[in-house]
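Architecture at a glance
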Amino acid sequence: MNASLSGLHHVTAIASDPQANHDFYTGLLGLRLVKKTVNFDDPSAYHLYYGDGSGSPGTILTFFYWPGQAARGRVGAGQMTAISFSVAPAALDYWADRLAARGIAAERRTRFGEVVIAFADSDGIPVELVADAADRRAGWAQAGIPAEYAIRGLHTAQLTVRAAATTEELLVREMDFRLVRREGNRARFEAGPGGSGRYVDVIADAAARPGAGGSGTVHHVAFRVADDAGELALHSRLALAGYHVSGVRDRNYFRSIYYRERNGILFEIATDVPGFAVDEPAAELGTALKLPAQFEPHRAEIEAALPEIHPAGQGVGG
Ligand code: ZN
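Just so you know, these numbers come straight off a predicted model, no measurement behind them.

The rules behind each value
The written sequence of each chain sets the order in which its residues are numbered from 1. It should be noted that, the model being predicted, local features are given only for residues of pLDDT at least 70 and side-chain atom pairs only at 80 or more, the latter also being counted only at that level, while totals for whole chains, interfaces and linings use all residues. Water and hydrogen atoms play no part in the side-chain values, which are based on all heavy atoms of the structure. The donor definition counts N, O and S atoms within 2.8 Å of each metal and applies 3.2 Å to Na, K and Ca; water is not among these atoms, so some sites may look incomplete. Per the convention used, a helix needs a DSSP run of H or I reaching at least four residues, while a strand needs a run of E reaching at least two, with both numbered from the N terminus. Here the term buried applies to any residue with accessible area under 20% of the maximum for its type, exposed to any over 50%, and partly exposed to those in between, with areas from a 1.4 Å probe on protein chains only. Here, a strand pair is defined by DSSP locating no fewer than two bridges between the strands. Whether two residues are in contact is decided by their heavy atoms, any of which lying within 4.5 Å being enough. Fitted lines through C-alpha atoms give the axes, limited to the stretch in contact for helices. The angle between two N-to-C directions lies from 0 to 180 degrees. Here the nonpolar core consists of buried residues drawn from Ala, Val, Leu, Ile, Met, Phe, Trp, Tyr and Cys, with membership extended through side-chain atoms lying within 4.5 Å. Orientation is classified from the angle alone, with under 35 degrees giving roughly parallel, over 145 giving roughly antiparallel, 65 to 115 giving roughly perpendicular, and any other angle giving oblique. A crossing counts as left-handed when the near helix is turned anticlockwise from the far one by less than a right angle, and as right-handed when that turn is clockwise. Gly counts as polar in this scheme, as do all residues outside two lists: the nonpolar Ala, Val, Leu, Ile, Met, Phe, Trp, Tyr, Cys and Pro, and the charged Asp, Glu, Lys and Arg. Only one rule defines a salt bridge in this text: a Lys or Arg side-chain nitrogen within 4 Å of an Asp or Glu carboxyl oxygen. Expected helix span is given by 1.5 Å per residue-to-residue step, counting one fewer step than there are residues.

Ligation of the zinc ion by protein atoms is provided by His10 (NE2), His220 (NE2) and Glu268 (OE), these donors lying 2.0 Å from the ion. Read in sequence order, the donor residues for the zinc ion give the motif H-x209-H-x47-E. Placement of the pair is His220 in strand 13 (residues 217–225) and Glu268 in strand 16 (residues 266–274), with a sequence separation of 48 residues. In this structure, His220 and Glu268 share a single accessibility class: buried.

As a further point, take the sheet that holds strand 14 (residues 249–250). On the basis of which strands lie adjacent, the open sheet formed by eight strands has the order 2-3-4-1-13-16-15-14 and mixed pairing. Looking along the sheet, the strands with just one partner apiece sit at the ends: strand 2 (32–39) and strand 14. Bridge analysis of strand 3 (residues 42–51) against strand 4 (residues 60–65) gives four bridges, and the strand direction is antiparallel. From the neighbouring strand, Leu48 faces strand 4, where its bridge partner is Phe63. Its contacts with the sheet place helix 1 (residues 18–28) against strand 1 (8–15), strand 2, strand 3 and strand 4, and it is angled at close to 10° to strand 3.

What follows covers the environment of Pro193. Within the secondary structure, Pro193 sits in the loop between strand 11 (186–190) and strand 12 (199–204). On the basis of relative accessible area, Pro193 is assigned to the exposed category, the value being 66%. Separated by 125 residues in sequence, Pro193 and Gly68 place their C-alpha atoms 42 Å apart. Apart from residues no more than four positions distant in its own chain, Pro193 is found in contact with Ser6, Arg178 and Arg198.

What follows is about the nonpolar core. Tyr25 and Phe85 are the most contacted members of the largest nonpolar core, which totals 69 residues. Ignoring any residue separated from it by four or fewer positions in sequence, one finds Phe85 in contact with Tyr25, Leu29, Leu31, Leu61, Val127, Glu128, Leu129, Val130, Ile151, Gly153, Leu154 and His155. One finds Ile60, Ala222, Tyr253 and Phe276 within the second-largest nonpolar core, a separate group that totals nine residues.

Attention shifts here to the packing of helix 3 (residues 164–174) against helix 4 (residues 228–240). Where helix 3 contacts helix 4, the two axes come as close as 11 Å, and the packing angle between them is 135°. Classified by the interaxial angle, the pair formed by helix 3 and helix 4 is oblique. Regarding helix 3 and helix 4, the two cross each other, and that crossing is right-handed. Taken together, the residues of helix 4 that come into contact with helix 3 (itself represented by Leu170, Arg173 and Glu174) are Leu234, Arg237 and Leu238. Looking at the contact of helix 3 with helix 4 residue by residue, the class counts come to three nonpolar, no polar and three charged.

Tallying each qualifying case throughout the model produces 19 salt bridges. The salt bridge involving Arg109 is made with Glu128; its shortest N-O contact spans 3.5 Å. Taken together, the residues Arg109 in strand 6 (residues 107–111) and Glu128 in strand 8 (residues 126–131) connect sequence positions 19 residues apart. On the basis of relative accessible area, Arg109 is assigned to the partly exposed category, the value being 35%. With a closest N to O distance of 2.7 Å, Arg188 and Asp201 form a salt bridge. Of this pair, Arg188 sits in strand 11 while Asp201 is found in strand 12, placing the two residues 13 residues apart along the sequence. Ionic contacts of the salt-bridge type, sharing partners, join the residues Glu107, Arg109, Arg111 and Glu128 into one network.

What follows covers helix 4. When the terminal C-alpha atoms of helix 4 are compared, their 18 Å separation across 13 residues agrees well with the 18 Å that a helix rising 1.5 Å per residue should span. Buried-residue contacts for helix 4 involve helix 3, strand 13, strand 15 (254–260) and strand 16. Within two residues after helix 4, Gly242 carries a phi angle of roughly 95°, on the positive side.

Strand order in this open sheet of eight strands is 6-7-8-5-9-12-11-10, and the pairing throughout is mixed. Of all strands in the sheet, those bounded by a partner on one side alone are strand 6 and strand 10 (178–183). Put simply, the sheet's adjacent strands are angled 25° from each other on average, direction ignored. Across the face of the sheet, helix 2 (residues 92–101) comes into contact with strand 5 (79–87), strand 6, strand 7 (114–120) and strand 8 while running at roughly 15° to strand 7.

So this is what it looks like as structure tokens:
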């Protein structure tokens, strides 16, 4: 049994409009909607999960929805500041054309020897597609995007902090990450077997404006452990190191603990088990509104209050 942390599990961000967000991530970027549920702390709002065909750990991006101008946040220090996905190097031109056809401004950069296409999502969250020839994950190829160009899953978690030492120390001492390399003010760490989906980049920027939570920002990043025993082992280590760690929360598809690293970024440890097929068949993931048991008696009111989400439009360029 392996009780170690082995990489990224999911990223959760906040958007203003579920339909626009759904169209962007499923229609334009070709992720699969793997779960349609509500915020377990506020069932009047959706919680949508996107990922590969089965919602594999390391491919999952989820959104809460906070509508209205007043709920807007600001991307900055003390946050995960970009959502990075991995694609095959041969896919970059395809994606550049697809984004251009939609009128989405994108720029190409090179970092750690990898070519990156950077743009922003429908709420202004920075999104990147990183070319990685070594990523063998299949992605989701039934969204109208050729299989060889499909997004493979998450690439790295980019954490922008004003003082990197405590964040780096936490990753290495308590969370099973090891330093891969440094370039300028950016340090890359990896866990488990390494590679895409198992990286964290810590960006040290003492002058960065602090971020503010709200729509258009990442809410938290979740790291993966195989099972409950692994989660409890991490809980003990973190608590011994002085972190204030929540009790275990049952999220239906995984079980989680939460804590903040010293620069204020909310971290979660989530189990690989039981996964997204626990309450609907794998072939039907994301097609029906799924509610946790405590909300089932209120299904009719909850459904009536939620806006309908339509499938992303066909023929979306590219
Ligand atoms: Zn989470």
